[in-house]
Structures are given as structure tokens and as C-alpha cells.
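Residue-level listing of the chains:
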Protein chains: 4
Amino acid sequence: MVGRSEESRQAILKSTLKLLGVGARGGTTIQKLSIEAIAKRAGVSKSTIYRWWDNKAAVVIDAFVTEYLTHTPVRDDVPFEQALREHVAAVVHQYAGVDGRLVAQLIAEAQYDPATLQEFHNRFWGGRRSAVEALIRRGVEEGVVRSDVEPGMIANLVYGPVYLRLLLGGGPLDDGFATELVELALDGIGVRSSALREPARR
Amino acid sequence: MVGRSEESRQAILKSTLKLLGVGARGGTTIQKLSIEAIAKRAGVSKSTIYRWWDNKAAVVIDAFVTEYLTHTPVRDDVPFEQALREHVAAVVHQYAGVDGRLVAQLIAEAQYDPATLQEFHNRFWGGRRSAVEALIRRGVEEGVVRSDVEPGMIANLVYGPVYLRLLLGGGPLDDGFATELVELALDGIGVRSSALREPARR
Amino acid sequence: MVGRSEESRQAILKSTLKLLGVGARGGTTIQKLSIEAIAKRAGVSKSTIYRWWDNKAAVVIDAFVTEYLTHTPVRDDVPFEQALREHVAAVVHQYAGVDGRLVAQLIAEAQYDPATLQEFHNRFWGGRRSAVEALIRRGVEEGVVRSDVEPGMIANLVYGPVYLRLLLGGGPLDDGFATELVELALDGIGVRSSALREPARR
Amino acid sequence: MVGRSEESRQAILKSTLKLLGVGARGGTTIQKLSIEAIAKRAGVSKSTIYRWWDNKAAVVIDAFVTEYLTHTPVRDDVPFEQALREHVAAVVHQYAGVDGRLVAQLIAEAQYDPATLQEFHNRFWGGRRSAVEALIRRGVEEGVVRSDVEPGMIANLVYGPVYLRLLLGGGPLDDGFATELVELALDGIGVRSSALREPARR
DNA sequence: CGATAAACGAGACGGTACGTCTGGTCTTGTG
DNA sequence: CACAAGACCAGACGTACCGTCTCGTTTATCG
């Protein structure tokens, strides 16, 4: 047995990112990115790519996760609310740039291929989610998060608006958005709760 | 001047929906749907399609909105909270079926073409949003919704999780989800507020 | 009855010639000339063209003959040999320019459409041919052309090489060619005849 | 390296000839022959054709020359005059059939594309021409052809009328035509020469 | 250390669909 | 009622990639 060429693998992933314009201005979309272009740029034959990846999306997600992804870790050395605010701000900030476009396009691809969705979960989204869910469980323990709703649902409430704005626009992905989102999620939209909490924070 | 053939237009839109499998089991994805297939099925020449629509997504969105869309109206004859619950339940229910797949794929296409995103806003998403924002304004007037956050942001908080689940899965789109979502949005995830409200509702 | 619009007819024929680049440098080939382009340039609708001409070639030949063709008349006030030399020189000269390309392309079109060939005969080639045949009959009467071969065949011998060079190249269409051609046609390629005649001409 | 598939090449050329109706009655013209039709009939993809040939004419000329062309060789074991007569008769005979139509259409295509003209010269016409020119040089050596005119010009005189009749009609391409043509070319149209030679041949 | 089996580059192949173009027909007002 | 305007069907064009498939040619263990 000889085994896979690490050299080729690297070249392919690097080329993919370059073609997608990560870190630069230009760049194609995932849709227009072609396996042939990757192969040519990587100095690799098409068969080598098809041997190790199932489709374009698999290559892209691999490139994205392995080579590039800036992490947005969840701190566990600060109180729940601060950790949440910082995390949401970090996520929103990351998505405001090129990463956002890429993640959006990955989600787009995932609409057409369950395997891509699966990979997206396994290698990217799953990690984030469980970090946040852990944080939420900590919040429950700290007594600042309600315990009658499962953490996954709560994570949804926080991430949902971020992805909605990422995918459909309708406003900027900036710190103001992050702040307002966390506040709203914490207190709810109902008038009574906010009326109660607001003085407590000022 | 002679003008556009309404007959052709109808045939094209109908064929598009049929090919997408709306109302039936089979069906392609938008990605695999081809202009050539639409033309063939509609008994129309390709140029006729290209004459009136810019790209595939434009045809699909036109077909979707014009011919098909089930409305999920927002009632104004019941109290705010009931109207919100019913609307969210209706939306969630609609997205659980074929419509959901189509909307998801439209959003996917919108990631690659600003014009498609625009159309999505103009002809579909915008309507929903403004209906909900009006509802929220009513809630503010009724004194049950906080007035310190713009309605758009609040709409985001409600719709975000729905679209997140539609696009990334992670749980069913069912009545339970709808109920839990509305409750969470109203009260927030913070423990104090929920502790206060909960007794009041039981 | 209102009858055909002479104005349109003129505009169509003029436009055809312009588009073919007659009298100018640029110009398309007949093959690439499109009815639509003619219609647009003439400010006329396509149907008007199709109403009066069967196809593109018919328009072109009409334009060519009616509006443009420089005549290369056969003189009858000079001896046979001189008249022949002058005519051949004129023809060769005409074909060396834009006319040549057009005639060549008309012949090309005629290979695909018998009607075009017919028109080419009726309106262009037939006239030339019969003029030359008349000249040859005069030569026979003058006693300088053999009488045992039909004039058409002799015309062939003279015109054939001209068209061959026009269509397939292989040398310039210039005065030298014309002179040599006439001489060769008159005397033949056989050595004895030329040996006899040559001294007589020097 | 794997290299070109001879199988496909054969299939393409054969199909081209079949579609052109070579050897059969029906058949299209080169103009109406489409690359798509060739591909379909050959069980080959369009890209394979475009990979190896520049355009339709290139395929046709390749098919014609490689697979089909009946040779009309020039004998060198008989006296000049006999060899010439036989060759002209063979050419005329060949052109009277389907080959003639094809050659005529190739010449038509050559009017629109210099590359086609070049190929026509390189692979078909050039061969014939040089064979005849060689024959003429032999005639000069044998002392039966005049030496004061270049062989190419003489070849023109012989071939010109054949192609003229092929392209523009005006009479049959038969043995009578061939015989008369050679006689005329040899002796010229002038009366004195023919008067001299005629007795010598009877 | 030399055999051997994999991974590799190169790239041809059958396909599908693209978006553009032209041809020729048909329809509907307008002058 | 001839015309302009131009929509329409039909279908070929040449291009771009797809994913599969030979081919030799490295190359790195393992017998």
C-alpha cells in the first residue's frame, strides 16, 4: 500500500480556497467553482479529486473547515451572559466578511445534497451548536437561564436571526445587531418582562 | 405592437411547477431543473423563456408566487398573542411540506444571484415580513409588546429559528416547535422573566 | 390594390449592398448576411422581405444585378481578337476586386439552391455568355475562329480558367493572366500550332 | 497518454459521408449537414468532434479525402496525349456523379473560409494539379506541348472548363465534353492551327 | 533490494445544458 | 391592405463541465 498523497490533498484544498477568493477580493462562488478549475490550479488530475471526495461541496467544506475556519470559541471563564454576548458578537463579526458568503453558499449547497448538509453539521455547525448548548446548560446551572426548554431550542433562538440576516439580508451584521439580538433573546419581546429587567440593568 | 402571449406564459409557469413536483411526489430540485426541460414540457421555444425571464430562478419565483403560493394570513380580529401563534403555526406547517423545500431552494439560489434575492424579497418575503411587523406594532399598541425595539428585529427573532430549522434541519417543523418558539420569543430565555410570567398563564 | 412599395424595395437592396460592404472595405459574406440585419438597416419588417423574395440569395442577386453591376461590354467595332482580349481583361479586372468575392459567393450559394443558380444564369451569367458567343460567331465569320466547335464550348474554354482562379485562387487575377489566357486559348497548348503562329505575331 | 480514439474518428467520418448521401440517393447538402446530426449518428458526443476538427467543412473534407475519394490517376505508361485524354475523361466522369455535388459544395464552403480553401488545396486539388502539371512537363519533354507557358497555366486551361460546368451547369459532364475539351485545349480555338492539325489526325 | 500495487497526471470520452443566434411563420395594429 | 413591429417555434451553434474511463509513470512499503 502506498497511501494518499498529502501533497496533493494540500494543493487541492489550498487551490479551492484561492479560487473561492478567501482572503482576497475576487473569487468565484461555490456554484461556479468547477472541479476542473481546482484540478488545473492544483496541478492535479481530476481523478485524484474524485477519488477522495464525493463532490464539489465535500471539497469546499473540507477546505473551509481544515484550512481556514477562524474559531469563535465560547469562553467558560466569565459569567454566562458575558460569554453569550461575546460569542454572538464574534459569530456576527465573522459572518460579516468573506466567511459569511462562504457559509451562506455552503448552506445553499446543502439544500441540494443531504450529504453536504450532514458534513456541514458534522464538521462545522455541530461544533458551534454544542458549544452554545453547553453554555446554556451552564446558564441554567447558574440560575440565569430558564430550565423548562431544551438547550437546542434556545440555541435556535439565538442563531436563527443571525443566519436569517446572513442569508436574506435586511440589515447589517454588526455589533449593534448582536447586542440587540442577545438582549431580545434574554428578555423576550413581551412588555412585562422587559419592564422588569430593564431597571435591573441600568 | 402585438404583445406577449399569455398562453405561453401560463404554460411555462405551469410546467415549471410540474417539473418541480409541486403537488406531487417526484420532482426535481431547482438546481437540476433546466430551461430546456421547461421549454420542452411547455411546448415553447427556449427563446420565449429567455425573452421574458433573466434566468431560471426568475421563472421559478414567478411560478411559485403567481400560481401557487398558499397564503398564511395574519389575523387582525383576535388578540396579538393568538394572531402570532396562529401565524407562526401556519408558516411552520406550510414549510413542513413541499413548499418548504421550494422556499429553501429559492433561498439557496438567492445566495448566488442578488436579483433573485431581490425578487424573493419583493414578491414573497417582503409581504410576510410587513404583515408580521404590522402585527407587532399592534402588539405594542395593545401594550403587550415592548416598544424599545424596532418591529423588524422582532420579526427576525420569530422567523429566524423557523428558517434555521427549514434550512439546516435539526428537528421537526411541527406544532410543538411553533408553540415553543412563540413562547420563548415572548418571554425570553432569561429565568427571571419566565418565572414571573409562567404562573400568570397557568 | 396598393401595390408594392418601391421605396421599401430600394431600401432593402441598398441595405443589402451596404451590408455586403460593396464599395467599402468591411462587409460581411453572403453566408453571414442575415435577413434580420437587412430588415433592421432598411427600416423594414422581415415579412416585407419574405413577401417579395424567396430567400437571402434572391435578395442578394437582385441587389447585385439591379443596383450595382459594372458592365463589361463586348465591343463590336474592333477585330475579333482585340475585342476578345479587351473583354477578358475587363472581366479579370472586375473579378479581382470586391465584385469577385461577391460573384464567388453567389456561385457558392447557387450550389445549394437551384433557383439561385437559375437567377444567376438569367440575370448575370447568361448575358455575358451570349455576348461572348456572339463575338465568337463573329470570329468564325471573320475566319479567325474554327467553325467545328459550338460557341458555348469555346466560351467555356475562355471563362473556365477565370472562374477557376476566382474560386480556388492559385494565382493573381491580373492583366498578365488575361493575356496569357487568351493567347493560350487561341493557339492551344500543342507545340506545332504555337510554333506556326508565333513567328506570325512577332 | 491515451490518445485519440480511432474508433470515434472512423464513426464520425463514415457518418458524415452517409448523411451527405455519398453512395446513396438521398443525402443532405453540406450546408444543411449539422455537427449535431453527425454526432448523433456516429454515437459520439459533440465535444469529440469539436475537439478534433475546427468546423463542419474540416470534417467533410476529411471524410471526403480519407474515406472516399476515388482516385483518377494520371498514367505515365502511355503517350502524353492519351494520358491527358484519359485523365480528363476520368475526372469528368467522377464529377458527373455524387462526387461532383460534393466537390462543388466544398468549393462553395471554401468561398467563406480560407482554412477550408487551404485544406481543399492541400488534400485534394493540390494533388490533382501537380499530377497534371507533371504530365504537362512530360508533354513538353516529348515535344508535343509548348514550352513557353508554365504548366500551372496549362492545367488551368484544362481544368477550368470542367469546374465551370460542374459549378454553373450549362451542359452535361460526359465523354463528349471531355473529348471536345481536350481537343480544343490542344489545338486552340484559332482557325489556322486547327486547319493544320486536323488532317494529321484523320 | 527489488517486486508490486496503489495512487497519480494526463486527458479522451459520452453527455447535458447553457445562452445566443437565425430562419421562417404568424399575429396584431396603423396609415 | 401593405406594412412595421415583433412574438413565436424550431433547432443548430460552439462552450463549459460533468463524472467515468483508460492509460502509462512514479513511489513507497513489504516480502
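Up top you'll find the structure we're talking about.
Peer 1: What is the right way to read the overall build of chain A from this model?
Peer 2: When helices and strands are counted, chain A shows ten helices and zero strands. Scanning chain A from its N terminus toward the C terminus, one meets helices and strands in the order α-α-α-α-α-α-α-α-α-α. Based on the C-alpha atoms only, the size of chain A along its principal axes is roughly 65 × 40 × 30 Å. When the 202 residues of chain A are sorted by exposure, 53% land in the buried category.

Peer 1: Just checking my understanding: could you explain the protein's contact with DNA strand F for this structure?
Peer 2: Of all residues adjacent to DNA strand F, which total 39 residues, the nearest are A:Tyr50, B:Thr48, B:Trp52, C:Thr48 and D:Tyr50. Within 4 Å of the protein, the contacting atoms of DNA strand F are drawn from sugar and phosphate to the extent of 57%. Here a phosphate oxygen of DNA strand F sits 3.1 Å away from a polar atom, N or O, in the main chain of A:Ile35. In the model, a phosphate oxygen of DNA strand F is placed 2.6 Å from a nitrogen or oxygen of the B:Trp52 side chain. Mapped by element, the contributors of at least two residues to the surface near DNA strand F are helix H2 (35-42) and helix H3 (46-52) of chain A, helix H3 (46-52) of chain B, helix H3 (46-52) of chain C together with helix H2 (35-42) and helix H3 (46-52) of chain D. A per-class count over the surface near DNA strand F returns 13 nonpolar, 17 polar and nine charged.

Peer 1: What is the right way to read the interface of chain D and chain C from this model?
Peer 2: For an interface, size is often stated in terms of accessible area lost upon the parts coming together. Chain D puts 53 residues into the contact, and the matching count from chain C is 53 residues. Together chain D and chain C conceal approximately 5,200 Å² of surface at their shared face, both sides included; 63% is due to carbon and sulfur atoms. Taken together, the links from chain D to chain C amount to two salt bridges. A salt bridge links C:Glu183 to D:Arg146, with the shortest nitrogen-to-oxygen separation between them at 3.3 Å. Inspection of the chain D/chain C interface yields 13 residue pairs in polar contact (both at pLDDT 80 or more). For the side of chain D that touches chain C, the element with the most residues is helix H8 (residues 151-168) of chain D, which contributes 13 residues. Of the residues contributing to the side of chain D that touches chain C, the split by class is 29 nonpolar, twelve polar and twelve charged.

Calculation rules
- Residues numbered from 1 in each chain as written.
- Chains lettered and ligands numbered in written order.
- Predicted model: local features only at pLDDT ≥ 70, side-chain atom pairs only at ≥ 80, totals over all residues.
- Heavy atoms only, no water.
- Helix = DSSP H or I, 4+ residues; strand = E, 2+ residues; numbered from the N terminus.
- Buried < 20%, exposed > 50% of the residue type's maximum accessible area, 1.4 Å probe, protein only.
- Near = heavy atom within 4 Å.
- Polar contact = N/O pair within 3.5 Å; in protein donor to acceptor, adjacent residues only side chain to side chain.
- Nonpolar A, V, L, I, M, F, W, Y, C, P; charged D, E, K, R; others polar.
- Contact = heavy atoms within 4.5 Å.
- Buried area = accessible area lost by both parts, 1.4 Å probe.
- Salt bridge = Lys/Arg side-chain N within 4 Å of Asp/Glu carboxyl O.

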